[in-house]
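Now for the letters of each chain:
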Amino acid sequence: MNYVGIDLGGTRLRVAIAGAGGPIQHVVRHPTEADRGPEHVINRIVKTIEEALRHERIKPAEVASMAIGMPGPANGKTGVVLSPPNLPGWRDVPIASILTERTAIPTNLENDANLAAFGEARAGAGKGARNLAYVTVSTGIGAGLVLDGRLYSGASGVAGEVGHIVIEPGGPLCNCGNRGCLEAIASGTAIARAAREALETRARTQLRRHRESDGPTAAEVVRAARGGDALSRRLLDRAGTALGIGMGTLVNLLNPELLILGGSVMKAGGLINRPMQTSLKVSSWESARRGLRIVAPRLGQNAGLVGAVEWARLQATSAARVQATR
Ligand SMILES: [Zn+2]
């Protein structure tokens, strides 16, 4: 039997095929064309699945199960995607049943951050760990949780929103509408915004060179910090400290054995890691932290796609188990 994994992002659509026990055999990539609305995107997904199956000379009847990962809140239990911010016009779309009907392959839906965590847990940096969190710190901050060896998505699929733990009550405004969320302080977007605000003061900094454009990006702040710019170092220090408080909260709550920390902001290395480690220690219990390993992800951009394939595999085997016990 074969398995299909789909990773649907705001700009990119990827479909992967894997055989019974093996890794991904073939991947087809296309632009999502999200601006043309849900119907258009769904047609593209179906066509891309057909293209991938044709390439591998596999008939739909030879595919046991399919899983699709989507950005934003998605209810895996009902297969309904709620309202992904990067996919205009999508609201309460029952994507799992639509794809099941259109392709005749049983389809499951999951949030993409959850699937990325599941992929790392099954085939990446988390192999062998039973309790882990995979946290991505980039434009936003999100996490997927694998607890007792199982993906944990909460009552309605929204678990793991560590980016919206409030670190500074009344602090910077977050995309979610609250103030002082971790994401509003430590994400790449937040670091860039803090840099822009600092430039409005009279502070001395190398970042002034970027004044004429939209202001410095987080990567430029990191570059300036490496070059010894004190203000840039302070900005990253604040972000790293906030991240450590968020991770400390996560550690106290879940007592994971492994924390996989990825995303563009983590490329800052020690500039983020050092203040993070310090504040993680201050904000978590020694007993919750004992034995905790913090590592980088291994699957990179493929984590979500690998996770989707592995999720499809798991759904097929658990469906078979239910049928056998009937
Ligand atoms: Zn928030």
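Note that the structure is predicted; figures quoted are calculated from it, not measured.

So, how was this worked out
- Residues numbered from 1 in each chain as written.
- Predicted model: local features only at pLDDT ≥ 70, side-chain atom pairs only at ≥ 80, totals over all residues.
- Pairing = 2+ DSSP bridges.
- Helix = DSSP H or I, 4+ residues; strand = E, 2+ residues; numbered from the N terminus.
- Axes fitted to C-alpha atoms, helices over the stretch in contact; angles between N-to-C directions.
- Contact = placed C-beta atoms within 7 Å.
- Buried ≥ 20, exposed ≤ 12 C-beta atoms within 10 Å, placed from the backbone.
- Core = buried A, V, L, I, M, F, W, Y, C linked by C-beta atoms within 7 Å.
- Domains from an automatic or database assignment.
- Expected span 1.5 Å × (residues − 1).
- Nonpolar A, V, L, I, M, F, W, Y, C, P; charged D, E, K, R; others polar.

**Overview of the sheet that holds strand 10 (residues 150–152)**
Next up, step 1: The strand order across the open sheet built from 5 strands is 10-9-8-11-12, with neighbouring strands paired in mixed fashion. For this open sheet the edge positions go to strand 10 and strand 12 (293–295), each flanked by a neighbour on one side alone. The sheet shows a mean angle of 20° between the axes of neighbouring strands, taken without regard to direction.
Next up, step 2: With 3 bridges joining them, strand 9 (residues 141–147) and strand 10 adopt antiparallel strand pairing. In the sheet register, Leu145 faces strand 10, and the bridge partner there is Tyr152.
Next up, step 3: In this fold helix 7 (residues 230–254) packs onto strand 8 (132–137), strand 9 and strand 11 (258–262), with an angle of close to 160° to the strand it touches most, strand 8.

**Let's talk about the pairing of strand 8**
Next up, step 1: With respect to burial, strand 8 is a largely interior element, 6 of its 6 residues being buried.
Next up, step 2: Residues Leu132, Tyr134 and Thr136 of strand 8 are buried on one face, and the alternating residues Ala133, Val135 and Val137, pointing to the opposite face, are buried as well.
Next up, step 3: In terms of strand pairing, strand 8 meets strand 9 through 6 bridges, oriented antiparallel. From the neighbouring strand, Tyr134 faces strand 9, where its bridge partner is Gly144.
Next up, step 4: Count of turn residues in the strand 8/strand 9 antiparallel hairpin: 3 residues.

**Quick notes on the nonpolar core**
Next up, step 1: Core analysis: the biggest nonpolar cluster contains 95 residues, and Val4, Ile68, Ile191, Val221, Leu236 and Ala239 have the highest contact counts within it.
Next up, step 2: When residues are assigned to domains, this core turns out to be shared by domain 1 (2–118 + 301–325) and domain 2 (127–297), each giving three or more.
Next up, step 3: Excluding its chain neighbours within four sequence positions, the residues that come into contact with Ala239 are Ile185, Ala186, Ala190, Ile191 and Ile272.

**Examining the sheet that holds strand 3 (residues 24–31)**
Next up, step 1: Taken in spatial order, the 5 strands make up an open sheet running 3-2-1-4-7, and their pairing is mixed. Edge strands, defined here as strands with exactly one partner in the open sheet, are strand 3 and strand 7 (107–111). This sheet shows a mean twist of 15° between the axes of neighbouring strands, independent of strand direction.
Next up, step 2: Against the sheet, helix 2 (residues 95–103) touches strand 4 (63–70) and strand 7, its axis set at about 150° to strand 7.

**Thoughts on the pairing of strand 11**
Walk down a regular strand and you will see the side chains alternate between the two sheet faces.
Next up, step 1: Within strand 11, 5 of the 5 residues are buried, which leaves the element mostly enclosed by the surrounding structure.
Next up, step 2: The alternating pattern of strand 11 places Leu258, Ile260 and Gly262 on one face and Leu259 and Leu261 on the opposite face, and all of these are buried.
Next up, step 3: Two elements, strand 8 and strand 11, share 5 bridges in a ladder whose sense is parallel. Bridging from a neighbouring strand, Thr136 pairs with Gly262 of strand 11.
Next up, step 4: Bridge count for strand 11 against strand 12 is 3 bridges, and the pairing is parallel. When the bridges of strand 12 are listed, Ile260 appears paired with Val295.

**Details of helix 7**
Next up, step 1: The end-to-end C-alpha distance of helix 7 is 36 Å, a good match for the 36 Å that 25 residues give at a rise of 1.5 Å each.
Next up, step 2: The positive-phi residue at the C-terminal boundary of helix 7 is Asn255, with phi of around 50°.

**Thoughts on the domain arrangement of the protein**
Next up, step 1: Taken as a whole, the protein is organised into domain 1 (2–118 + 301–325) and domain 2 (127–297).
Next up, step 2: With 11 residues of domain 1 at the contact, the number on the domain 2 side is 14 residues.
Next up, step 3: Looking at the side of domain 1 that touches domain 2, the elements that each hand over two or more residues are strand 5 (74–75) and helix 3 (112–123).
Next up, step 4: Ranked by residues supplied to the side of domain 1 that touches domain 2, first place goes to helix 3 with 5 residues.
Next up, step 5: Class assignment of the residues belonging to the side of domain 1 that touches domain 2 gives a composition of 7 nonpolar, 4 polar and no charged.

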